[in-house]
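Single-letter residue listing:
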Amino acid sequence: LYALSAILKPRNILGLGIFTGYPVVWSLGPGLQQVYPAEKLIGVEIDKNNARLGNDNIQALIEEIKSPVKAEILGEDGFDVLERYGEGSIDLLYLDANGTNPESGVASKNINFAFLKKAYPKIKPGGWVICHNAYQPSFQTEAADYLSMTEDEKYFSMTATVGIDEMGIEFSIK
């Protein structure tokens, strides 16, 4: 994730469902280290305690590397945070949520589909979506709608699911 961000240089990164922040920190790293100019580096975790731990981690990293770039982990609902983003404002969207999809009322990885639909117009053309767990059979069952959307060329020009571990990760380009 660090190398991908160093290559793509996303100025605005939003991570939803990030637990305590470690995966999204890899995406934020090059921006924090000023490998390229970054603008807005935000992670969101609905569990306030995990968000606090994540924010403590990222603020410690910022202090350690003396980065002037601001980044934060918010303890909020990702749907509320998405409301604050304008059309075409996200360069990289990282998804790893597990919760109740407000459309179906079912708690599962399918919440990522609801996030993707809400975020889609906010993702810049050529922007990236990264989704963790996409390789798991349970994700393929629970979040089949997500996978159908990312495989549809009218939404994404390319998608690849990589089994880097038993969870896998999917990369999609708008």
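Since this is a predicted model, take the numbers as computed values, not measurements.

## A few points about the pairing of strand β9 (residues 169-173)
At step 1: Of all 5 residues that make up β9, 5 are buried, and the element is covered over most of its length.
At step 2: Burial of β9 is two-sided: the residues I169, F171 and I173 facing one way and the residues E170 and S172 facing the other way are all buried.
At step 3: Pairing of strand β7 (residues 123-132) with β9 involves 5 bridges; the strand directions are antiparallel. By the bridge assignment, C131 is partnered in β9 with E170.
At step 4: Judged from the 5 bridges that link them, strand β8 (residues 158-162) and β9 form a sheet pairing that is antiparallel. Bridging from a neighbouring strand, M158 pairs with I173 of β9.

## Topic: the pattern of salt bridges
At step 1: On inspection of all chains with the given rule, the structure shows 7 salt bridges.
At step 2: Here R52 makes a salt bridge to D56, at a shortest N to O gap of 3.3 Å. Of this pair, R52 and D56 both sit in helix α3 (residues 48-65), separated by 4 residues, roughly a single helical turn.
At step 3: By relative accessible area, which is 42% here, D56 ends up partly exposed.
At step 4: Its salt-bridge partner being D91, residue K124 comes within 3.2 Å of it at the nearest N-O pair. Of the two residues, K124 sits in strand β7 while D91 sits in strand β4 (residues 90-95), which places them 33 residues apart along the sequence.

## A word on the layout of surface pockets
At step 1: In this structure, the largest pocket spans a volume of roughly 350 Å³.
At step 2: Lining the largest pocket are 23 residues, and of these G17, E45, I46, A97 and N98 lie nearest its centre.
At step 3: Counting residues per element, the ones that place at least two in the lining of the largest pocket are α2 (22-32), α4 (78-82), β5 (99-100) and α5 (111-119).
At step 4: When the residues that make up the lining of the largest pocket are grouped by side-chain class, the tally is 12 nonpolar, 7 polar and 4 charged.

## Let's talk about the nonpolar core
At step 1: With 30 residues, the main nonpolar core has L14, L93, L95 and Y146 as its most contacted residues.
At step 2: Looking at this core, the elements that each hand over two or more residues are β1 (12-16), β2 (40-44), α4, β4, α5, β7 and α7 (144-151).
At step 3: Element by element, the count of residues in this core is highest for α5, at 6 residues.
At step 4: The contacts of L95, once residues within four sequence positions are left out, are L16, N112, F115, L116, V129, I130, C131, H132 and Y146.
At step 5: Core analysis: the second largest hydrophobic core is formed by 23 residues, L32, A51, I73 and L92 among them.

## What to know about the environment of M167
At step 1: Its place among the elements puts M167 in the loop between β8 and β9.
At step 2: Residue classification places M167 among the partly exposed residues on the basis of a relative accessible area of 25%.
At step 3: Distance from M167 to Y135, taken between C-alpha atoms, is 5.4 Å for residues 32 residues apart in sequence.

Cut-offs and rules
Residues numbered from 1 in each chain as written. Predicted model: local features only at pLDDT ≥ 70, side-chain atom pairs only at ≥ 80, totals over all residues. Heavy atoms only, no water. Buried < 20%, exposed > 50% of the residue type's maximum accessible area, 1.4 Å probe, protein only. Helix = DSSP H or I, 4+ residues; strand = E, 2+ residues; numbered from the N terminus. Pairing = 2+ DSSP bridges. Salt bridge = Lys/Arg side-chain N within 4 Å of Asp/Glu carboxyl O. 1 Å grid on protein atoms, 1.4 Å probe; cavity = no way out; pocket = protein on both sides within 12 Å on 5 of 7 lines; lining within 4 Å. Points joined across faces, edges and corners; volume = space filled by probe spheres on them. Nonpolar A, V, L, I, M, F, W, Y, C, P; charged D, E, K, R; others polar. Core = buried A, V, L, I, M, F, W, Y, C linked by side-chain atoms within 4.5 Å. Contact = heavy atoms within 4.5 Å.

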